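Tertiary structure, described
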Amino acid sequence: QVHLVESGGGLVQAGGSLRLSCSASGRTFSTYPMAWFRQAPGKEREFVATITGSGTNTYYADSVKGRFTISRDDAKSTVYLQMNSLKPEDTAVYYCAAYRWRYLSGLAYYTDLGSYNYWGQGTQVTVSS
């Protein structure tokens, strides 16, 4: 069993920054890819970013590329999402997720909610215009 707890959400003005954290426990954290998803009101949950177990490779949704950075600190069993140049359309509940398998497959897999078997409770991010 894996337990994920997100933190760091809040209210920020457009153009501002936030850093989300996701603390993990219950499984060898460093061997599994991790990801962030988000869900805006009335919309489906969507992929934001993922990072491999080694931390060597990262992948992003086009909508956040160049503004968001995913990283991990295995010593702290924590994954981060640094969000810069925030826009009102970034407003959503942000979820941390743990990948089912040890090695990341292609885009069709790492953007698919079904490829992740553990989820946090989410943290709200609100960007005002």
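Residues numbered from 1 in each chain as written. Predicted model: local features only at pLDDT ≥ 70, side-chain atom pairs only at ≥ 80, totals over all residues. Heavy atoms only, no water.

Some remarks on the overall build of the protein
Helix and strand counts for the protein come out as one helix and 11 strands. Moving toward the C terminus, one meets the helices and strands of the protein in the order β-β-β-β-β-β-β-β-β-α-β-β. Rg of the C-alpha trace for the protein: 14 Å, near the compact-globule value of 14 Å for 129 residues, within the 12% margin. Dimensions of the protein, computed from the C-alpha atoms along their principal axes, are close to 40 × 30 × 25 Å. Taken across its 129 residues, the protein has 44% of its residues classed as buried. Here the analysis covers contacts within the protein between residues at least 6 apart in sequence; of these, 59% occur between residues at least 24 apart. Total accessible area computed for the protein in this model is approximately 6400 Å², and 47% of it derives from carbon and sulfur atoms. Taking the 12 positively charged and 9 negatively charged side chains of the protein as two groups, their mean positions are separated by 4 Å. (Helix = DSSP H or I, 4+ residues; strand = E, 2+ residues; numbered from the N terminus. Rg over C-alpha atoms; globule rule 2.2 N^0.38 Å. Buried < 20%, exposed > 50% of the residue type's maximum accessible area, 1.4 Å probe, protein only. Contact = heavy atoms within 4.5 Å. Areas by Shrake-Rupley, 256 points an atom, 1.4 Å probe, with all protein chains shown as cover. Lys, Arg positive; Asp, Glu negative; His and termini not counted. Charge placed at Lys NZ, Arg CZ, Asp CG, Glu CD.)

Quick notes on the sheet that holds strand S3 (residues 18-25)
Either a parallel or an antiparallel arrangement is found when strands of a sheet pair, and the pairing is made through backbone hydrogen bonds. The four strands are arranged S1-S3-S8-S7 in an open sheet whose pairing can be described as antiparallel. Of all the strands in the sheet, the pair left with one neighbour each is strand S1 (3-7) and strand S7 (68-73). This sheet shows a mean twist of 15 degrees between the axes of neighbouring strands, independent of strand direction. Both S1 and S3 contribute to a ladder of five bridges, which runs antiparallel. When the bridges of S3 are listed, Leu4 appears paired with Ala24. (Pairing = 2+ DSSP bridges. Axes fitted to C-alpha atoms, helices over the stretch in contact; angles between N-to-C directions.)

What about the environment of Thr126?
Looking at the secondary structure, you find Thr126 in strand S11 (residues 123-128). On the accessibility criterion, Thr126 (28% relative accessible area) is partly exposed. In sequence terms Thr126 and Pro88 are 38 residues apart; their C-alpha atoms lie 7.3 Å from each other. Excluding its chain neighbours within four sequence positions, the residues that come into contact with Thr126 are Gly10, Leu11, Val12 and Thr91. Among the polar contacts listed, one links the side chain of Thr126 to the side chain of Gln124, at a separation of 3.3 Å. (Polar contact = N/O pair within 3.5 Å; in protein donor to acceptor, adjacent residues only side chain to side chain.)

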